[in-house]
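Listed below, chain by chain, are the residues.
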Amino acid sequence: MGRRLLVGSLVGCLVLGGGALLLMPGGESGPRRAPAPAPAPGAQAGSAVRAGVPAALPDLAVLIGERESRVRAHPRDARSWAVLGTAYVEQGRRTADAAALYPKAERALRTSLKVRPRANAEALDGLAALANARRDFRAARSWGEAARSQAPARWTTYAQLVDAYTGLGEYKNARKALDRLTALHSGPAVRARAAGVYWDRGLREDAQAALADAAAAAPSPAERAAWLERAGQLAWERGEREDALRHFQEAVRTDPDQRAAHAGRGRALTALGRTSEALNAYQVALAGQPLPQYALELGELYESLGLGQAARVQYDLLRERVRQESAGGVDGELLLGRFEADHGDPASAVRRLRAEWQRQPGTAVADALGWALHRSGDDREALRFAMIATDRVHGGAVYSAPYMYHLGMIERDLDREGPARRHLAEALRINPWFSPLAVPVARAALARLGGEPAPAELPE
């Protein structure tokens, strides 16, 4: 009898407890489950690296340490070698330490292929990513197409092919690769990649919407910050300086290691007349990611302020950084050509950019070569390349203030006053603050040309 009473009491307690659980607020029908534990930093970075999306720098360091230990213990683990190599690519891109990290990435990825020569699309994808980071778009195309042959349904391969085809000026192939990518996969990374293609096609609103969606759906702070920074770039290129600054600031708040957003803040703050803050933003960007492009922008800002010595320091830094990056296999000829055309030896710029055009004839190279030819005094040939850069038939649909400025200045010197007036005015309409050095030149040239539209009608 005592045993029966005890069992009945226990059953009653369980029934009452169950009733209490059923009556919990929110209508829950059972005990609350503990939230799933967050993935370990190395696992988070590994997922990002395999998907070809940005990863947080501290998480990347953890992943690299884990994979280095793994391949030391298991040197025939092809997948770990591939992940390690791709992680080195991402770390090199985020820190601008190409000289140290890109050769290590190549060794790791080639070791993966040596261990597993067949059915190793992951290593081929990594080599395509490395080649894109080095601006070697022909190699990126070769590796990407090899990966596609091995695994046609692997969506990450098409993301690398989009970048490679764009760099080579193969815009139809880039669109086809994007179509295949979107058919295979959806998500923030795909939307962000689509935004780049939309922008190159002149579809600015579509590009902005795709990046907004990508940032909203990004699963990690590092990825969200990267898409916010891209959105800031697009806003900047449209001349929306306040909106650009808002995106860049949000990116920095989300991931303080997002150095591209610091450089973006420098551009937007310069346009807003907040020069001291702009100088500081560029210095922060260069401290964490000393890209030669940031040194060029900072040098031109100093030059626009009449600080010639400070500008020369940055230009020397640019040359040194390009030299260091070349040791890691990075092709810096496009940037050097742009720099030499405006601040050094235009004839040298023409030689560099002609060779670059033969290797990878993309829109950016066409624009830079046209401008270098103009600066060296050959305006007739310059016009041909400037028109390629801005002609929709050749892929030049991107709505770029610098490209229009270059075209207008070339036309002015060829006494094509009507087109020159139209294109210079268009450059200032697209982005009235596109360059602290070039904008005053564009305004003065347009004023001398006279006629409609009158300079007073342009944004101040």
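Scroll up to find the structure this text is about.
The structure reproduced in this document is the subject of the present report. (Residues numbered from 1 in each chain as written. Predicted model: local features only at pLDDT ≥ 70, side-chain atom pairs only at ≥ 80, totals over all residues. Heavy atoms only, no water.)

### A word on the packing of helix α16 (residues 292-304) against helix α17 (residues 308-327)
And step 1. One can describe the packing of α16 onto α17 by two numbers: an axis separation of 8 Å at closest approach and a directional angle of 170°. Accordingly, the angle class assigned to the pair α16 and α17 is roughly antiparallel. The handedness of the crossing between α16 and α17 comes out as left-handed. In this structure, α16 uses Pro292, Ala295, Leu296, Leu298, Gly299, Glu300, Tyr302 and Glu303 to contact α17, whose residues at the interface are Ala310, Ala311, Gln314, Tyr315, Leu317, Leu318, Arg321, Val322 and Glu325.
And step 2. The residue inventory of the contact of α16 with α17, partitioned by class, reads 11 nonpolar, two polar and four charged. (Axes fitted to C-alpha atoms, helices over the stretch in contact; angles between N-to-C directions. Helix = DSSP H or I, 4+ residues; strand = E, 2+ residues; numbered from the N terminus. Parallel < 35°, antiparallel > 145°, perpendicular 65-115°, else oblique. Left-handed = near helix turned anticlockwise from the far one by under 90°. Contact = heavy atoms within 4.5 Å. Nonpolar A, V, L, I, M, F, W, Y, C, P; charged D, E, K, R; others polar.)

### What about the pattern of salt bridges?
And step 1. Counted according to the given criterion, the structure contains 29 salt bridges.
And step 2. Here Glu205 and Arg238 are joined by a salt bridge, their closest N and O atoms 3.7 Å apart. One end of the pair, Glu205, is in helix α11 (residues 204-217); the other, Arg238, is in the loop between α12 (221-237) and α13 (241-254), with 33 residues separating them in the sequence.
And step 3. The exposure class of Arg238 is buried, given its relative accessible area of 18%.
And step 4. Residue Arg352 pairs with Glu333 through a salt bridge whose shortest N-O separation is 3.1 Å. Residue Arg352 is located in helix α19 (residues 346-359), and its partner Glu333 is located in helix α18 (residues 333-343); the two are separated by 19 residues in the primary sequence.
And step 5. Shared partners join several salt bridges into a network, and the residues in it are Arg135, Asp331, Glu356 and Arg359. (Salt bridge = Lys/Arg side-chain N within 4 Å of Asp/Glu carboxyl O. Buried < 20%, exposed > 50% of the residue type's maximum accessible area, 1.4 Å probe, protein only.)

### Considering helix α21 (residues 379-390)
And step 1. Given a rise of 1.5 Å per residue, 12 residues ought to cover 16 Å, and the 16 Å separating the end C-alpha atoms of α21 matches this to within 8%.
And step 2. Within α21, burial applies to Asp379, Ala382, Leu383, Phe385, Ala386, Ile388, Ala389 and Thr390.
And step 3. Where α21 is buried, its residues meet α19, α20 (363-375) and α22 (401-413). (Expected span 1.5 Å × (residues − 1).)

### Observations concerning the packing of aromatic side chains
And step 1. In the structure shown here, the tally under the stated rule is four aromatic pairs.
And step 2. Taken together, a centroid distance of 5.5 Å and an interplanar angle of 50° make the contact between Tyr405 and Phe434 tilted. Residue Tyr405 is found in helix α22, and its partner Phe434 is found in the loop between α23 (417-430) and α24 (438-449); the two are separated by 29 residues along the sequence.
And step 3. Here the aromatic cluster, defined as three or more aromatic residues joined through ring pairs, consists of Trp371, Tyr405 and Phe434.
And step 4. When the ring centre of Phe385 is taken as reference, the NZ or CZ atom of Arg384 above it lies at 4.3 Å. (Phe/Tyr/Trp six-rings, centres within 6.5 Å; stacked < 30°, edge-to-face > 60°. Lys NZ or Arg CZ within 6 Å of the ring centre and 35° of its normal.)

### Quick notes on the packing of helix α6 (residues 121-133) against helix α7 (residues 137-150)
And step 1. Where α6 contacts α7, the axes come no closer than 8 Å and their chain directions differ by 160°. Here α7 runs roughly antiparallel to α6, going by the angle between their axes. Crossing handedness for the pair α6 and α7: left-handed. Along the contact surface, α6 presents Ala121, Leu124, Asp125, Leu127, Ala128, Ala131 and Asn132, while α7 presents Phe137, Ala139, Ala140, Trp143, Gly144, Ala146, Ala147 and Gln150.
And step 2. Grouping the constituent residues of the contact of α6 with α7 by class yields 11 nonpolar, three polar and one charged.

### Concerning the nonpolar core
And step 1. Residues Leu84, Leu181, Leu211 and Trp227 are the most contacted members of the largest nonpolar core, which totals 61 residues.
And step 2. Per-element tally for this core: the top contributor is α12, with eight residues.
And step 3. Leave out the neighbours within four places in its chain, and Leu211 touches Ala192, Ala195, Trp227, Arg230, Ala231 and Leu234.
And step 4. Core analysis: the next-biggest nonpolar cluster, separate from the first, contains 39 residues, Leu353, Val365, Ala386 and Ala427 among them. (Core = buried A, V, L, I, M, F, W, Y, C linked by side-chain atoms within 4.5 Å.)

### Thoughts on the side chain of Asp367
And step 1. Checked against the element boundaries, Asp367 lands in helix α20.
And step 2. Look past the residues within four positions of Asp367 in its chain and what remains in contact with it is Ala389, Pro402, Tyr403 and His406.

### Here's the deal with unusual backbone geometry
And step 1. Located in the positive-phi region is Ala119, a residue other than glycine, with phi close to 55°.
And step 2. Residue placement: Ala119 occurs in the loop between α5 (98-115) and α6.
And step 3. The phi dihedral of Arg135 is positive, around 60°, even though this residue is not glycine.
And step 4. Mapped onto the fold, Arg135 is located in the loop between α6 and α7.
And step 5. Here Arg135 falls in the partly exposed class, since its relative accessible area comes to 25%.

### Thoughts on the environment of Arg175
And step 1. Here Arg175 lies in helix α9 (residues 171-184).
And step 2. Between the alpha carbons of Arg175 and Val162 there is a distance of 7.4 Å; along the sequence they are 13 residues apart.
And step 3. Residues in contact with Arg175, not counting those within four places in the same chain, are Val197 and Arg201.

### Notes on the side chain of Ser112
And step 1. In this fold, Ser112 is placed in helix α5.
And step 2. Residue classification places Ser112 among the buried positions, given a relative accessible area of 0%.
And step 3. Setting aside its immediate chain neighbours within four residues, Ser112 contacts Ala78, Trp81, Ala82, Asn120 and Ala123.

### Comments concerning helix α15 (residues 275-288)
And step 1. Here α15 is 14 residues long and its end C-alpha atoms lie 21 Å apart, about the 20 Å a rise of 1.5 Å per residue gives.
And step 2. For α15, the set of buried residues is Ala278, Leu279, Ala281, Tyr282, Ala285 and Leu286. The arc enclosing the buried residues of α15, seen along the axis, measures out at 160°, which places them on a common side. Away from the buried face of α15 by more than 90 degrees, exposed residues Ser276 and Ala287 are located.
And step 3. On the buried face of α15, the contacting elements are α14 (259-271), α16 and α17. (Arc of directions from axis to C-beta.)

Read these as spatial facts, not as claims about activity.
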